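# Survey of secondary and tertiary structure
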Amino acid sequence: VRLVESGGGLVQSGGSLRLSCAASTDSFQYYIMGWYRQAPGKQRELVADIGVGGTGRYGDSVKGRFSISRDNVKNTVYLQMNSLKTEDTAGYYCSANGGNGEFNWGQGTQVTVSS
């Protein structure tokens with residue numbers, strides 16, 4: 001599965017961005033889709049993921065500010081990021097978990113939040 005992220009960029013603190021991730025698979029609806037992030041010198045961490053039924057799960061640091069959604073017609077997962085903070089600055093990576101050990105990563109998109 002090829003994953004292509006878009007929507008990253010530079011935004012001021014308190015602003016918003018929406019990330020998109022397009023997946024090249026006809027079985028998109030069967031994948032658990034997710035967003036992870038990694039800041040310099042830190043481990044990659046889960047931001048949010050969304051199951052095949054559309055239920056989202058969020059990391060504690062983004063609860064109430066970020067929202068994950070999916071469009072099974074467009075084979076795309078979105079991450080709406082509101083009330084951005086400088087500590088949200090990181091590379092953001094899309095993931096597709098097909099189960100049975102299959103886990104795919106996108107190439108990442110940079111999000112930089114300035115104060």
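Shown above is the structure to which this text applies.
Attention in this report is confined to the structure presented alongside it. (Residues numbered from 1 in each chain as written. Predicted model: local features only at pLDDT ≥ 70, side-chain atom pairs only at ≥ 80, totals over all residues. Heavy atoms only, no water.)

## Quick notes on the state of the cysteines
Across all of its chains, the model carries one disulfide by this definition. Two residues, Cys21 and Cys94, share a disulfide whose sulfurs are 2.1 Å apart. Note on the Cys21 and Cys94 pair: the S-S dihedral is about -85°, so by sign convention the disulfide is left-handed. You can see Cys21 sitting in strand 3 (residues 17–23) and its partner Cys94 sitting in strand 9 (residues 90–99), a full 73 residues away along the chain. Accessibility expressed as a relative area gives 0% for Cys94, which makes it buried. (Disulfide = S-S within 2.5 Å. Helix = DSSP H or I, 4+ residues; strand = E, 2+ residues; numbered from the N terminus. Buried < 20%, exposed > 50% of the residue type's maximum accessible area, 1.4 Å probe, protein only.)

## Side note on the packing of aromatic side chains
Summed over the entire model, instances satisfying the criterion amount to three aromatic pairs. With a centroid separation of 5.0 Å and 75° between ring planes, the pair formed by Tyr36 and Trp105 is classed as edge-to-face. On the criterion of sequence distance, the pair formed by Tyr36 in strand 4 (residues 32–38) and Trp105 in strand 10 (residues 102–105) is long-range, its members being 69 residues apart. The buried category is assigned to Tyr36, whose relative accessible area is 18%. Ring centres of Phe103 and Trp105 lie 5.1 Å apart, and the angle between their planes is 55°; this geometry places the pair in the tilted category. For Phe103, a relative accessible area of 34% puts it in the partly exposed group. For Trp105, a relative accessible area of 37% corresponds to the partly exposed category. Cluster of aromatic residues (ring-pair linked, three or more members): Tyr36, Phe103 and Trp105. (Phe/Tyr/Trp six-rings, centres within 6.5 Å; stacked < 30°, edge-to-face > 60°.)

Keep in mind these numbers describe shape, not what the thing actually does.
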